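Descriptive analysis of the structure
Chain by chain, the residues run as shown.
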Amino acid sequence: DDVDRSLEEVGVVFGHYGMQFFAGKKVSGRSKPSIEQKRDPEDDKVETLESLKTKYKGQYSSLEIEQYWQSDCKPLAPGEVAEEEPEEPELVEVEGMTVTSMGKRERRRPKVDRYGRPIT
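A short tour of the structure in this document, coming up. (Residues numbered from 1 in each chain as written. Predicted model: local features only at pLDDT ≥ 70, side-chain atom pairs only at ≥ 80, totals over all residues. Heavy atoms only, no water.)

Brief notes about a negative patch on the surface
Together, Asp 4, Glu 8, Glu 9 and Glu 50 give the surface a local cluster of negative charge. With 3 residues, helix 1 (residues 2-16) is the largest single contributor of residues to the negative patch. You can see Glu 8 is positioned in helix 1. Under the relative-accessibility criterion, Glu 8 is labelled partly exposed at 48%. (Patch = residues over 30% accessible without salt bridge, like charges linked within 9 Å, V, L, I, M, F, W, Y side chains within 5 Å. Areas by Shrake-Rupley, 256 points an atom, 1.4 Å probe, with all protein chains shown as cover. Salt bridge = Lys/Arg side-chain N within 4 Å of Asp/Glu carboxyl O. Lys, Arg positive; Asp, Glu negative; His and termini not counted. Charge placed at Lys NZ, Arg CZ, Asp CG, Glu CD. Helix = DSSP H or I, 4+ residues; strand = E, 2+ residues; numbered from the N terminus. Buried < 20%, exposed > 50% of the residue type's maximum accessible area, 1.4 Å probe, protein only.)

A short note on the side chain of Lys 53
Checked against the element boundaries, Lys 53 lands in helix 2 (residues 49-55). When its relative accessible area of 18% is taken as the criterion, Lys 53 is described as buried. Here the side chain of Lys 53 touches Glu 66 through a polar contact of 3.0 Å, side chain to side chain. The contact partners of Lys 53, leaving out residues within four places of it in the chain, are Glu 9, Ser 62, Ile 65 and Glu 66. (Polar contact = N/O pair within 3.5 Å; in protein donor to acceptor, adjacent residues only side chain to side chain. Contact = heavy atoms within 4.5 Å.)

Observations regarding the pattern of salt bridges
The final tally for this structure, using the stated rule, is 7 salt bridges. Between Glu 36 and Lys 38 there is a salt bridge, with the nearest N and O atoms lying 3.9 Å from each other. One salt bridge connects Arg 39 with Asp 44, and the closest N-O pair in it is separated by 4.0 Å. One continuous salt-bridge network, built from bridges that share partners, spans Asp 40, Asp 43, Glu 47 and Lys 55.

A short note on empty space enclosed by the protein
Enumeration according to the criterion identifies 1 cavity of 30 Å³ or more in this entry. Approximately 30 Å³ is the volume attributed to the largest cavity. Considering the residues around the largest cavity, the lining is formed by Glu 9, Val 12, Leu 49, Glu 50 and Lys 53. Contributions of two or more residues to the lining of the largest cavity are made by helix 1 and helix 2. Among the elements that make up the lining of the largest cavity, the one with the highest residue count is helix 2 (3 residues). When its residues are assigned to classes, the lining of the largest cavity shows 2 nonpolar, no polar and 3 charged. (1 Å grid on protein atoms, 1.4 Å probe; cavity = no way out; pocket = protein on both sides within 12 Å on 5 of 7 lines; lining within 4 Å. Points joined across faces, edges and corners; volume = space filled by probe spheres on them. Nonpolar A, V, L, I, M, F, W, Y, C, P; charged D, E, K, R; others polar.)

What about the packing of aromatic side chains?
Scanning the entire structure with this criterion turns up 2 aromatic pairs. Measuring from centroid to centroid gives 5.8 Å for Tyr 56 and Tyr 60, while their planes differ by 75 degrees, and the two rings are edge-to-face. Centre to centre, the rings of Tyr 56 and Tyr 68 are 6.1 Å apart; their planes meet at 90 degrees, and the pair counts as edge-to-face. Of this pair, Tyr 56 sits in the loop between helix 2 and helix 3 (62-71) while Tyr 68 sits in helix 3, placing them 12 residues apart in sequence. Note on accessibility: Tyr 56 and Tyr 68 belong to one class, buried. Taken together, the aromatic side chains of Tyr 56, Tyr 60 and Tyr 68 make up a single cluster linked through ring pairs. (Phe/Tyr/Trp six-rings, centres within 6.5 Å; stacked < 30°, edge-to-face > 60°.)

Structure, rendered in structure tokens:
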């Protein structure tokens, strides 16, 4: 049981960094490991165990957070997808003024041919 829990935690850590980790199971194709998400009844937000530990760090011990995860946090309903929170715009200082940075997609230059015409 402790080994399984440790392997699960290692998988969560690897998943946090966008890396895959599989122990004892062969996975075919390019499927990503699913990290368990549950709804925190305190604020009704969807969390992973790792994000819950970060959220309540300093308020509760790691053991208390894990018990809360197991007993009080509710798993997502079948087919329910967690809403992704919108990214906060980055603040940039330009010539003494603070402005919000453009989104990543807005920074790209349109693809054009050598005459400056847009490539479709």
